[in-house]
Structure formats: structure tokens, C-alpha cells
Amino acid sequence: QEEGSRTSRQWHIQRPQPMAKSRVSPILTTAVALLSLLVVLVEYISRPTGDANAWFATGTYEPVSGSMGPVLVSTDFAVEGLQGAFIRNGPNPIVPVGHWFDGHGYVHAVVITNNSLIYTGHQLETGVATVEAAAHQRLYIGLGDVKGRLGFFKMMVHEAKKSLGLLPHLDDYESGPANTAFGVDESRRRIYALVESDHPFEIGVSRTGSVVSVGYESFGGNLFHAVSAHAKYDSKAQEWLLAGYDLSSKSRDAAFSVVSKEGTLQRTMNFTLPWKTFMHDWAATATRGIFIVTSSQFAPENMIVNDGHAFIFNRSATAKFGVFPRDASDPSEIVWVDTEEIFFSIHTLNAYDVDEERVLVTAERVSDFSMDFEIGKDVENEPNYLWQWQINHKKRKVEWNRQVTSVDGGFPVINEDLHCHPNQFGYVVKTQGDFFNGILKVDSKQGKEIGRIRLPDELEHGEFVFAAKEGAKREDDGYMVGF
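Only a predicted model underlies this, so the values are computations on that prediction, with no experimental measurement involved. (Residues numbered from 1 in each chain as written. Predicted model: local features only at pLDDT ≥ 70, side-chain atom pairs only at ≥ 80, totals over all residues. Heavy atoms only, no water.)

A. Geometry of the sheet that holds strand β10 (residues 239–245). Taken in spatial order, the four strands make up an open sheet running β9-β10-β11-β12, and their pairing is antiparallel. The open sheet has two edge strands, β9 (232–234) and β12 (265–271), and neither has a second partner. When the angles between neighbouring strand axes are averaged without regard to direction, this sheet yields 15°. In the sheet, strand β11 (residues 254–259) pairs with β12 via six bridges, with the strands oriented antiparallel. For Ser-257, the partnering residue across the bridge sits in β12 and is Thr-268. (Pairing = 2+ DSSP bridges. Helix = DSSP H or I, 4+ residues; strand = E, 2+ residues; numbered from the N terminus. Axes fitted to C-alpha atoms, helices over the stretch in contact; angles between N-to-C directions.)

This is how it looks when you write it as C-alpha cells:
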């Protein structure tokens, strides 16, 4: 009956004819049903997982929702000779993740100008962040997903889904979160967010405090390797030095590239390492590049055999330094020096030429290391100390080594104008329990700790950087700056 009408509409209903007897085999029907169930089960088991209540997702470390600012924080910040921008980068999961290394890059920036502090928070607009934000869910697996046999299964399914086009396409070296550190090409005043699986991701920071995502840098399509989280800028040569390691390639294990002051990729050299390793950082002098191949080895079979992580700490593999000329024209020019020690090193302070055949490397050293470690969990790593090695690359030997710090600490920094060249002072964040507590000052020439900055016990803080004072005459005339 139509609304407001007395007229009835007549509907012609045709009775369905009896279906012909199905010729589909019951076995095939059952197989299709089981296959459908298997697909659903595989999709469920292989999905990226996360923990919204993990320590890296709560309290101080709770993720920030979206970008914010610029916000004028203070107009009474008068620190003599300190002007510029302080920027930090770190994981900021849009949805829960399973490891504190996962999560999309987020920039916290403070611009210091005319006694004012301006804060801006910026969610980096990488490809993976944009795609997952639109989907309101994690689509790509992270480090927290790839442990043990289940992790190996997830990895295989993830690669199959990418091959079949079931995941949004992201270009090679442009699929990571850009969430680890910053590299600055001082010659061109370019700032890049870095993560070791990708190309550098450029950002812009203005004097008024605004932060923008610019995009990935491939130097005119000439960069064909990932860049580690710690690039080096040589202020005297005005060259930006890039290095990265590759876990999947059969033709190379690591690569080294040099970018000129004009922004041209001048050369790239591919290298084979003694084994594939987690080479988060490296070192460079005025004439040499230095790879540190530690006792940490990439062993994906460990995921199946021992239900463990893809990286293992091999206590029978002695760490090695690979020293090569910065202008090397052939990978055979790399010289391998065996330390005859078992250790892992995640960060370097600096390296410089002692003479034509010797280099001095200052870096972290820990006698045992597990990628399984989590703050507050049962798995603990050994204390992390700052260490020095004098290497004679002509004679292929370590002439001497010494311990520099006596307490646990990490994230060493120097006056960055001295990278690749002789420096005297360095700074290390001191660790107390699960968190940081203060800063150690070291003398690289004497090889010892010479001072400490103590912060109130109730404060939680992160990494610090050294900011040279404007017009400074001494190497250590400046400020330590951190959140």
C-alpha cells in the first residue's frame, strides 16, 4: 500500500524452480570450506600485534595523537650564546606495537630564538605512516613481530602478501618509519630523519617553529642502498658520509657513499662483511671509513631451530674492524683487523687518524647482548662502557685498547664540528637501573672520565646533545641539551 494512497500495487512473485542436483563433489566443497577457514586463520595468526600497556606505550612514553604547534612555551629563556633548533626523533605508534623500536617517527622540536622557546610536535608523513593512518590499523610487521617460529611464519606470509599485491605498495628504501635519529648535511643545511632500512627522510624546520615533512632523498635516483641511523658530516671536507648494511642482498653486506657539498652523490662502494650483522653505527676519520662487525650475527635459522630472534650473539665470533680509504675505488681495499675480543657495539663517539697507518676509535662496548631485551623484563644486557682501540691498519692489528668509563652508559656525543678529526672531550648519558640518570664527561686523549653532571633523581630524561656556544673558543664551551 503506497503511503497516503488507497491504490494497491500488485507484485508478481515467481516461485523459484527446484534446483538441479549439485554436481559439485562433497570433497571439493569441504576442501573449499577448509581453505577459506585456513586463509582466515593465517590472516589472524600473521597479523601484526601490539601491546597498548607496554612500558614504551604508557606514562612518559605514551604516544602522541597527531601533530601539534607551534606553541610559544616561554618568552623568558635567556641562555647566553644558545640559539637555534633542538630536535629529537623517536617511535610514536599510531596503533599498538610489539617492540619499542617499532612505531612511526615523530619529531619533537624546540626553536630557541630571542629569549623565546617555541615547541612543535610533528608526526612524520612517511609512506607507511600515511597508509596505516588511513587504514586505522597496522598493516606491516615490525621487529616485535619477528621472533621465533611464529615470527618466521608472519615474515613469510607478509612477504607473500606484498608479492601478491595484498598490501599497499611502498618503494624500496621508502617503506620504514624514519624513527631513530637525525642526520644533518651542514653544507646544504638539510635535516634528515633516519632509520637503517631506508633512504634519508628530509624534514624542514623554520625559525618560527613550524616542522614539515619533505620526503625521501635519493640524490637524483643515484642512492641504491639503505642508510644507517648515524650518518657522519665532515665539516672540514664538507662531505656528508653515508653507510648502511643489507640483510637480504646476496651481492653485498654493506655500502658506503659520499655526498659532496653541492648535494651530489659522488661515489658508492659495496662491501662484503665477514658475516651479516646489526651494524647500527660506524665511524670515519679524515681519510678512512671504519665498519665495526661485532659478535652479533644475523641468523634467521635461529627463529626456527631455537624459537628465538633472528639476531644472535655468537660467543665464538670475535669482533672485527674493517678499515678502508674514503676514496676507495675497489672493495678489496678494505683491511680487516681482528680484535680477538667478543663484544657488541651499538654507538661510536668518534674516530680520527693518529698518523698515516693508525686510527683511534672510541665507541661503546658491551660484553654480551640480546635483541630480546626489554626494560623491566628478565632479559638484561651487560653494562655498556665507552672503550678505545688504536688500530694499525697497515699491520692489521689492534695495538692497544682501554676502558674509558667505569659505569653503565650510552649515546655518546661530541662537539659535532670535530667529527672525523681529533677531539678531546665527549659526553655519555649515564644509566641507572632501567633509565638514564645524569651525564658523564670524558677526555678522549687521556682515556678516562673527568666529570659528571648529576640531575635530580625524580627526573626522567633521554639522550643529550652538545650545543657549542656562539663564538666559542674552546672545544667544550657550550651546553648539554636534552628533554
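B. Structural context of the nonpolar core. With 26 residues, the main nonpolar core has Leu-241, Phe-256, Phe-271, Trp-282, Phe-291 and Phe-344 as its most contacted residues. Those elements that provide at least two residues to this core are β10, β11, β12, β14 (288–293) and β16 (311–313). Residues in contact with Phe-344, not counting those within four places in the same chain, are Phe-278, Thr-294, Ser-296, Phe-313, Glu-364, Arg-365, Val-366 and Phe-369. Among the nonpolar cores identified, the runner-up in size contains 17 residues, and Ile-292, Ala-363, Ile-391 and Val-398 belong to it. (Core = buried A, V, L, I, M, F, W, Y, C linked by side-chain atoms within 4.5 Å. Buried < 20%, exposed > 50% of the residue type's maximum accessible area, 1.4 Å probe, protein only. Contact = heavy atoms within 4.5 Å.)

C. Up close: the environment of Ala-310. Among the secondary structure elements, Ala-310 is positioned in the loop between α4 (301–305) and β16. For the pair formed by Ala-310 and Phe-298, sequence separation is twelve residues and the distance between their alpha carbons is 5.9 Å. Those residues in contact with Ala-310, other than ones at most four positions away along the chain, are Gln-297, Phe-298, Ala-299, Pro-300 and Met-303.

D. Spotlight on the side chain of Thr-277. For Thr-277, the position within the fold is in the loop between β12 and β13 (283–284). Within polar-contact distance, the side chain of Thr-277 engages the backbone oxygen of Ser-296 at 2.6 Å. Ignoring anything within four residues of it in the chain, the contact list for Thr-277 reads Tyr-245, Leu-247, Val-293, Thr-294, Ser-296, Phe-298 and Phe-311. (Polar contact = N/O pair within 3.5 Å; in protein donor to acceptor, adjacent residues only side chain to side chain.)

E. A look at the sheet that holds strand β22 (residues 397–403). The four strands are arranged β19-β20-β21-β22 in an open sheet whose pairing can be described as antiparallel. Each of the sheet's edge strands pairs with one partner strand only, and the pair in question is β19 (348–355) and β22. Each strand of the sheet is rotated relative to its neighbour by a mean of 20°, with strand direction disregarded. Bridge count between strand β20 (residues 358–365) and strand β21 (residues 385–392): eight bridges; the pairing is antiparallel. Looking at the pairing, Ala-363 lines up with Trp-387 of β21.

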